[in-house]
Amino acid sequence: MELVLAISIATLAGSGVWLLLRPRTYQVIVGLSLISYAVNLFIFSMGRLRHDAAPVLSGQTGNLADYADPVPQALVLTAIVIGFATTALFLVVLLASRGLTGTDHVDGREPE
Amino acid sequence: MRTLIFRTAAPYLSSLMLLFSVFVLLRGHNEPGGGFIGGLIAASAFAILGIAYGAPAVRRAMYFHPMAISGFGLFLSALSGLLSYAFRVPFLTGLWTSVHVLGVEVDLSTVMFFDIGVYLVVVGSITSIALALEEREDG
Amino acid sequence: MAGESAKAVDVAGAMITGPVPAVDWLIVAPVLIPLVFGALLLMFRHEMRWHGIVALIGLAALVGADAALLSRVLEHGPLSMTMGSWLPPFGISFTADALGATFALTAGIVAFVCAIFALRDIDVSGRRYGFYPFLMLMMTGVSGAFLTGDIFNLYVWFEVFVISSFGLLVLGSERAQIDGATKYAILNLVGTTLFLIATAYLYGTFGTLNMADIARKAQTISEAAPLMTLATLYLLAFGMKAAAFPVNFWLPASYHTPRIVAAALFGGLLTKIGIYALLRTLVMLFPVERAILADLIGWVAVATMILGVLGALAQSDTRRVFGFLVISGVGVMMAGLALGTETGLSGTIFYAAHSMLIMTALYLLAGVMKEMGGSFSLHELSGLYRASPLLTGIALLLALAIAGLPPASGLWPKVLLVKAAVDANAWWLAGAILLTGFLTTIAMGRIFLFAFWRDAPAKGVAKVFDPATAARPVVGQGVLVVLTVPIVLLGVFPEPVIRVANMAAAGLLHSSAYINAVFPAGGG
């Protein structure tokens, strides 16, 4: 499981960085989203990977070893929410930029 | 996107989604769900309506400006945290009470009002962004 | 529902049971006040006539709360409150020490002054776009960043002020603004992503996000822990926020585009939050790693200040000149971080407070010059001395302040920094600070020469205004006077501020008071 997760984080981050370096705004947004997915998975893995373990106490006090670490899950949730908001806001501005400049190049004009 | 089928179905779909979003909001108390998810569902309902009838129609239907709704949500959340001050407990402490309405016991808590605030913030801001995107498409 | 789970699980070890004193609320007040006012302004967004007044009341309350918090912290040491009755480190803590409270107060003052300036500068369309709600929400983020005691919460406040500043940046949706905002947003998002990666890694290493808890555990953690990686990641992430070389390219690309009030707020506040976060993480959490990185930070500091001021010399748009001077100031602040001694850090803290005031004042000065002279360009400006001797006097004082010459506030932090550098035998650092001051004098001298002393623009450039009939913006000049008074006072009576800065620096270096405020009696 660790290997699969590591490879997916690496793939997401790598693709994200490549897209981030592209000249079109849409690619940049997708790149930023991919990087944030990679980071979210990374945060998740920082709580140690567990199988079949709930993060919430189920009524009775039990052995701590039966539960997954809830903090990274809360962090991921927060990061997702914030990432969602910034991406949405960013989309609006970039569409405005597209409307004003007539191009989706990040510099606001086509290279000569 | 303004086909007859879609235009006919959209109001029913949106009202169902709005209802469902309130259900998810209240359910979120002890089970999966909550203000953010509920708010997203409601915002998608408005977005669907916007696709079918255009953004101006949705703005008229909402009556309040989306950002004003968002502001009210923020205010409500802050207020439910501030209530802690009166009880000498730290900010954002959950306070509980139950009231009897028509013989039914209803649990009320600052947590719930905080969540409703979150719901409104999400509905307001995401709807406002979605409508801005849809207007851009129309124009 | 809550009753059941409370019975099943004993929470006494995790929750506060006794009442908390009302004075503890001082620590959340600087976050709550702008939040509530921002929400109110959003709710009544059509009552635009009242926006300015309501925002001013809110910011005045913010300044009051900040001042009360600072005086309390100076008297009784750091103050802490953990949200939702949880005990630290389970809940999110807000912890104010002398450093955070000083920065919060200065930021509050800057925002208040900018709001007065905005009364006249921001027209109806700017208000319709939501200038005042964005301003209040940005101040929520700024205050939150200065006062939080939880590193993930710091990330959240960073995002809050980045998103709000984004709104301020595109106010008016002009082409140049959107263009600047795109770069600002992309690079800031990359910066916060790095911050997030570092924070996740930190959680994986320490198992806690509470800064006091981290500081406590960092002293005892095994040597195999990747603290060096963490410190370097934070240096990169916050260096980007603070616009340190070589990750400062977003600042010149965006700071000259927004409304002048927004630029003044950004130039005054945003980079200093990066500096604050650097101080907090590198000095308080990772002191050993900071010492290893000291040489690197030192060279970054030198490159930032020298290249910043050279950039300022090469520009002819006043806003761009000031943008590069912001960068140069960041370099000066990084110098104290590189030295890491109490004198050096106290110089950095004093300089940051001074820089918040002076950069805001300079951007507002550019706005007033534009209003009177009709342009931001040094090629077109001229004859402002004849139009307003008062403005010229203010500009002279501000130029002295930014260059670090007496009698204004820039002198003392530079004295502290140079002294610390000489004490540490880092002559190159001291030399760079002095050279930067000299070059800054030239950059400001250029503005003086062209805009104030020259009678008419160079041949071939149309004269845009006549000194005899030029507008004399009363509000703008009044605000500048209000800002110049503390700048001069700081220069003439620096002792109280130096004392506070020393306390803040000592609090960073010896974090036991901070830790004790969060974990009374070493428990937890």
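Not measured: the values here are computed from a predicted model.

A. Highlighting the overall build of chain C. Scanning chain C from terminus to terminus reveals 22 helices and two strands. In summary, chain C has a C-alpha radius of gyration of 23 Å against a globular reference of 24 Å for 524 residues, a match within 12%. Along the three orthogonal principal directions, the C-alpha set of chain C runs to about 85 × 60 × 40 Å. Each of the 524 residues in chain C was classed as buried or not, and the buried ones make up 63%. Long-range pairs, those at least 24 residues apart, make up 82% of the contacts in chain C between residues at least 6 apart in sequence.

B. Molecular detail of the overall build of chain B. Looking only at helices and strands, chain B has five helices and two strands in total. Listed by position from the N terminus, the elements making up chain B come as α-α-α-α-β-β-α. For chain B, buried positions account for 41% of its 139 residues. Long-range contacts, defined as pairs at least 24 residues apart, comprise 67% of the intrachain contacts of chain B with a sequence gap of at least 6.

C. The arrangement of the interface of chain C and chain A in detail. At the interface, 25 residues of chain C touch 31 residues of chain A. Mapped by element, the contributors of at least two residues to the side of chain C that touches chain A are α1 (2-8), α7 (151-169) and α8 (175-206) of chain C. Ranked by residue count, the leading element in the side of chain C that touches chain A is α8 of chain C, at 15 residues. In terms of residue class, the side of chain C that touches chain A is made up of 17 nonpolar, five polar and three charged.

D. Quick peek at the environment of F450 of chain C. All names here are of chain C. By the element assignment, F450 lies in helix α19 (residues 427-453). For the pair F450 and L378, spaced 72 residues apart in sequence, the C-alpha to C-alpha distance is 6.1 Å. Apart from residues no more than four positions distant in its own chain, F450 is found in contact with L378, L381 and S382.

E. Expanded view of the UniProt feature "domain: Na+/H+ antiporter MnhB subunit-related protein" (unreviewed entry) in chain B. Those residues carrying the UniProt feature "domain: Na+/H+ antiporter MnhB subunit-related protein" (unreviewed entry) are residues 5-127 of chain B in this numbering. In residues 5-127 of chain B, the share of helix is 72% and the share of strand is 10%. The end C-alpha atoms are 23 Å apart.

F. Fine view of helix α4 (residues 98-121) of chain C. For α4 of chain C, which comprises 24 residues, the first-to-last C-alpha distance of 34 Å matches the rise-based estimate of 34 Å (1.5 Å per residue) to within 8%. Counting buried positions over the 24 residues of α4 of chain C gives 22, a clear majority of the element.

G. Examining the UniProt feature "domain: NADH:quinone oxidoreductase/Mrp antiporter transmembrane" (unreviewed entry) in chain C more closely. Sequence positions flagged by UniProt for "domain: NADH:quinone oxidoreductase/Mrp antiporter transmembrane" (unreviewed entry) are, in local numbering, residues 150-440 of chain C. Here residues 150-440 of chain C is 80% helix and 0% strand, with 37 Å between the C-alpha atoms at its ends.

H. A look at the interface of chain C and chain B. Across the boundary between the two partners, chain C contributes 20 residues, which contact 21 residues of chain B. At the level of elements, α2 (29-43) and β1 (79-82) of chain C are the ones that each hand at least two residues to the side of chain C that touches chain B. Ranked by the residues each element gives to the side of chain C that touches chain B, the list is headed by α2 of chain C, at seven residues.

I. Inspection of the UniProt feature "transmembrane region" (unreviewed entry) in chain B at higher detail. The feature "transmembrane region" (unreviewed entry), as given by UniProt, occupies residues 12-29, 35-55, 67-91 and 111-133 of chain B in the numbering adopted here. Along residues 12-29 of chain B one finds 89% helix and 0% strand; the C-alpha atoms at either end are 27 Å apart.

J. Up close: the pairing of β1 of chain C. Residue and element names in this part refer to chain C. On β1, burial covers both faces: L79 and M81 on one face and S80 and T82 on the other are all buried. As defined by bridge partners, β1 adjoins strand β2 (residues 93-96) across four bridges and the pair is classed as antiparallel. Of the residues in β2, the one forming a bridge with M81 is F94.

Thresholds applied
Residues numbered from 1 in each chain as written. Chains lettered and ligands numbered in written order. Predicted model: local features only at pLDDT ≥ 70, side-chain atom pairs only at ≥ 80, totals over all residues. Helix = DSSP H or I, 4+ residues; strand = E, 2+ residues; numbered from the N terminus. Rg over C-alpha atoms; globule rule 2.2 N^0.38 Å. Buried ≥ 20, exposed ≤ 12 C-beta atoms within 10 Å, placed from the backbone. Contact = placed C-beta atoms within 7 Å. Nonpolar A, V, L, I, M, F, W, Y, C, P; charged D, E, K, R; others polar. UniProt positions renumbered as here; feature names shortened; annotations may be inferred. Expected span 1.5 Å × (residues − 1). Pairing = 2+ DSSP bridges.

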